[in-house]
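# Chain and residue survey
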Amino acid sequence: MDRAALLGTALAAVIALSFSGEGAWDWLGATAGIALLTVLAAFFRLPAGRGFTPGLRGELAALSVVAALAATLVIAPLLQAVLAAMTAAGHTCRASAAVAAGALESDGSAQRGAELAVSRGDAGVTTATDALSRAAANERRTVMGDCIGAMTSGWLWAPAAGMAAAGYACAWWLVRRRHARAPRG
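Here goes a summary of the coordinates provided. Here the structure is a predicted model, which is why all the values come from computation and not from measurement.

## Comments concerning helix α5 (residues 108-120)
The terminal C-alpha atoms of α5, which comprises 13 residues, lie 19 Å apart, in line with the 18 Å expected from a rise of 1.5 Å per residue. Within the span of α5, buried status applies to A110, A114 and V118. The buried residues of α5 occupy one face: seen down the axis, they fall within an arc of 75°. Every exposed residue of α5 that faces more than 90 degrees away from the buried side is listed here: R112, S119 and R120. G121 occupies a position one or two residues after α5 and carries a positive phi of about 85°.

As structure tokens, this is what we get:
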């Protein structure tokens with residue numbers, strides 16, 4: 001299999017999953033990251049017998065970066081949970097979500113909108129209070145997801161850089177070891 005095509009396809013998948021929308025990082029993205037890492041592990045083969053050329057170093061760097069980006073999909077929901085629970089910014093996101101939900105519930109035009117939706121049968125509930133309560137809960141989830149997702153994205157560069165460096169070091173070591181064991185002659 002063409003290594004460049006494999007890396008390009010994996011990178012395209014990571015980009016599509018990373019920038020596909022706003023909101024919180026989810027476990028489906030983590031599962032996709034695991035699938036991408038599995039594909040890379042199954043089909044990518046380190047080049048053999050070329051020595052340590054600039055092309056080899058570039059190929060190892062490309063592999064390391066793409067694998068690290070795929071791995072960020074896996075760790076993003078975990079990092080997000082930690083940031084939400086243990087940082088001041090996570091508490092700020094939660095407060096912002098509560099304020100947004102409260103503002104929606106106390107808004108007179110939102111109340112009239114809920115009454116209209118219920119009278120038309122569009123709300124799926126029987127009272128405007130229930131419709132407004134559901135809308136407020138949705139607003140809370142949306143604001144929290146957007147806030148914590150953006151905060152997590154801002155932190156993901158650090159583990160990505162560390163994983164890329166560690167991946168490059170491991171790949172370089174494997175190629176060096178293979179090159180040292182190769183018969184000379």
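## With respect to the packing of helix α4 (residues 88-106) against helix α6 (residues 128-155)
Remark: α4 packs on α6, axes separated minimally by 8 Å, with the N-to-C direction vectors making an angle of 155°. When the axes of α4 and α6 are compared, the pair comes out roughly antiparallel. The way α4 lies across α6 gives a crossing that is right-handed. Contact residues: A89, G90, C93, R94, S96, A97, A98, A100, A101, L104 and E105 in α4; L132, S133, A135, A136, E139, R140, V143, M144, C147, I148 and M151 in α6. Here the contact of α4 with α6 is built from residues that sort into 15 nonpolar, three polar and four charged.

## Regarding a nonpolar patch on the surface
There is a patch of nonpolar side chains on the surface, built from F52, W172, W173 and L174 and spanning about 360 Å² of accessible area. With respect to the helices, strands and loops of the structure, W172 is situated in helix α7 (residues 157-181). Classification of W172 as partly exposed rests on a relative accessible area of 32%.

## With respect to the nonpolar core
L7, L36, L40, F44, L46 and L60 are the most contacted members of the largest nonpolar core, which totals 19 residues. Mapped by element, the contributors of at least two residues to this core are α1 (3-18), α2 (27-43), α3 (54-86) and α7. Ranked by residue count, the leading element in this core is α3, at seven residues. Dropping the residues within four chain positions of it, L60 is found in contact with L46, Y168, A171, W172 and V175.

Criteria and cut-off values
Residues numbered from 1 in each chain as written. Predicted model: local features only at pLDDT ≥ 70, side-chain atom pairs only at ≥ 80, totals over all residues. Heavy atoms only, no water. Helix = DSSP H or I, 4+ residues; strand = E, 2+ residues; numbered from the N terminus. Expected span 1.5 Å × (residues − 1). Buried < 20%, exposed > 50% of the residue type's maximum accessible area, 1.4 Å probe, protein only. Arc of directions from axis to C-beta. Axes fitted to C-alpha atoms, helices over the stretch in contact; angles between N-to-C directions. Parallel < 35°, antiparallel > 145°, perpendicular 65-115°, else oblique. Left-handed = near helix turned anticlockwise from the far one by under 90°. Contact = heavy atoms within 4.5 Å. Nonpolar A, V, L, I, M, F, W, Y, C, P; charged D, E, K, R; others polar. Patch = residues over 30% accessible without salt bridge, like charges linked within 9 Å, V, L, I, M, F, W, Y side chains within 5 Å. Areas by Shrake-Rupley, 256 points an atom, 1.4 Å probe, with all protein chains shown as cover. Salt bridge = Lys/Arg side-chain N within 4 Å of Asp/Glu carboxyl O. Core = buried A, V, L, I, M, F, W, Y, C linked by side-chain atoms within 4.5 Å.

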